[in-house]
Amino acid sequence: LAYSPVFLALFFMNIPAAQTLEIIALAFTTFMVVIPFVEGGWSYSTDVGLYTDEQIEDYYIDLGKGQQPTCSSASTYDIPYCNFSFKLSNYTLPGIVICIMALAIVIVSLFVSRSNRKAFVNKKIIEAFTKQKEESLMKQKEEYEDLIYS
């Protein structure tokens, strides 16, 4: 979640949808595959999983310094709940947030790109009509002058 401002900057950049999709795909690959792989997030350090129950308990004890932690032996440590809570807050939630932000950015980019294309076409049509009207007025002026001088 610390990298959200990087993603959110794409909301305000006026770049085509294909480039936005490419940036999002590369960022998603980097944040969800490459960095966890390099940092050992995809390897199992124990037979139980990434962290043992004791490591998760220590995490919650460090998290709640000065107060009674919810996931400790003294507070009837509920292993399945604490494991679920730990995995949700540290693995699942950031992944879901990144996916939602990426999808929103791509959708907004598609809408902006479509509106920019429509504005470009409208601008070209208006320029063509303006040029046609100028030519028509010039021709009418020449005809009027020819009529006056004849």
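Residues numbered from 1 in each chain as written. Predicted model: local features only at pLDDT ≥ 70, side-chain atom pairs only at ≥ 80, totals over all residues. Heavy atoms only, no water.

Caption draft 1: Fine view of the overall build of the protein. What the protein contains, in helices and strands, is 4 helices and 0 strands. Starting at the N terminus and ending at the C terminus, the protein contains elements arranged as α-α-α-α. Counting the 150 residues in the protein, one finds 22% classified as buried. Residue pairs at least 24 apart in sequence account for 58% of intrachain contacts in the protein once pairs closer than 6 positions are excluded. Looking at the protein as shown, the accessible area adds up to about 11600 Å², and 65% of this sits on carbon and sulfur atoms. (Helix = DSSP H or I, 4+ residues; strand = E, 2+ residues; numbered from the N terminus. Buried < 20%, exposed > 50% of the residue type's maximum accessible area, 1.4 Å probe, protein only. Contact = heavy atoms within 4.5 Å. Areas by Shrake-Rupley, 256 points an atom, 1.4 Å probe, with all protein chains shown as cover.)

Caption draft 2: Representation of the pattern of salt bridges. Here the structure, examined in full by the defined rule, presents 1 salt bridge. Between Glu127 and Lys124 there is a salt bridge, with its nearest N and O atoms 3.8 Å apart. Taken together, the positions of Glu127 and Lys124, both in helix H4 (residues 79-149) and 3 residues apart, correspond to about one turn of that helix. Glu127 sits in the partly exposed class, given a relative accessible area of 39%. Among the residues examined, Lys124 registers a relative accessible area of 43% and is labelled partly exposed. (Salt bridge = Lys/Arg side-chain N within 4 Å of Asp/Glu carboxyl O.)

Caption draft 3: Up close: the nonpolar core. Counting 5 residues, the largest nonpolar core is built from Leu10, Ile24, Ala102, Ile105 and Val106. Setting aside anything within four residues of it in sequence, one finds Val106 in contact with Leu21 and Ile24. (Core = buried A, V, L, I, M, F, W, Y, C linked by side-chain atoms within 4.5 Å.)

Caption draft 4: Main features of the side chain of Thr20. Tracing the backbone through its elements, the reader meets Thr20 in helix H2 (residues 17-38). Setting aside residues up to four positions removed in sequence, Thr20 forms contacts with Ile15, Ile105 and Ser109.

Caption draft 5: Focus on a nonpolar patch on the surface. Taken together, the side chains of Val33, Val34, Phe37 and Val38 present a nonpolar region at the surface, about 410 Å² in accessible area. Mapped onto the secondary structure, Phe37 falls in helix H2. (Patch = residues over 30% accessible without salt bridge, like charges linked within 9 Å, V, L, I, M, F, W, Y side chains within 5 Å.)

Caption draft 6: Fine view of the environment of Ala102. On the secondary structure map, Ala102 appears in helix H4. Overall, the relative accessible area of 9% leaves Ala102 in the buried class. Sequence separation between Ala102 and Thr20 is 82 residues, and the spatial gap between their C-alpha atoms is 9.5 Å.

Caption draft 7: Seen up close, the confidence of the model for the protein. Confidence along the protein averages 76 in pLDDT terms, with 60% of residues attaining 70 or more. Averaged over each element, pLDDT in the protein is lowest for helix H3 (residues 53-63) (66) and highest for H4 (85). (pLDDT = per-residue confidence, 0-100.)

Caption draft 8: A look at a negative patch on the surface. Taken together, Glu142, Glu143, Glu145 and Asp146 make up a surface patch of like negative charges. Note that Asp146 resides in helix H4. (Lys, Arg positive; Asp, Glu negative; His and termini not counted. Charge placed at Lys NZ, Arg CZ, Asp CG, Glu CD.)

Caption draft 9: The arrangement of H2 in detail. Taking 1.5 Å of rise per residue, the 22 residues of H2 would be expected to cover 32 Å, and the 30 Å separating its terminal C-alpha atoms lies within 8% of that figure. Of all the bends in H2, the largest measures some 40° and sits at Thr30. Where H2 is concerned, the buried positions are Ala17, Thr20, Ile24, Ala27, Phe31 and Pro36. (Expected span 1.5 Å × (residues − 1). Bend = angle between axes of the 7 residues up to and from the residue.)

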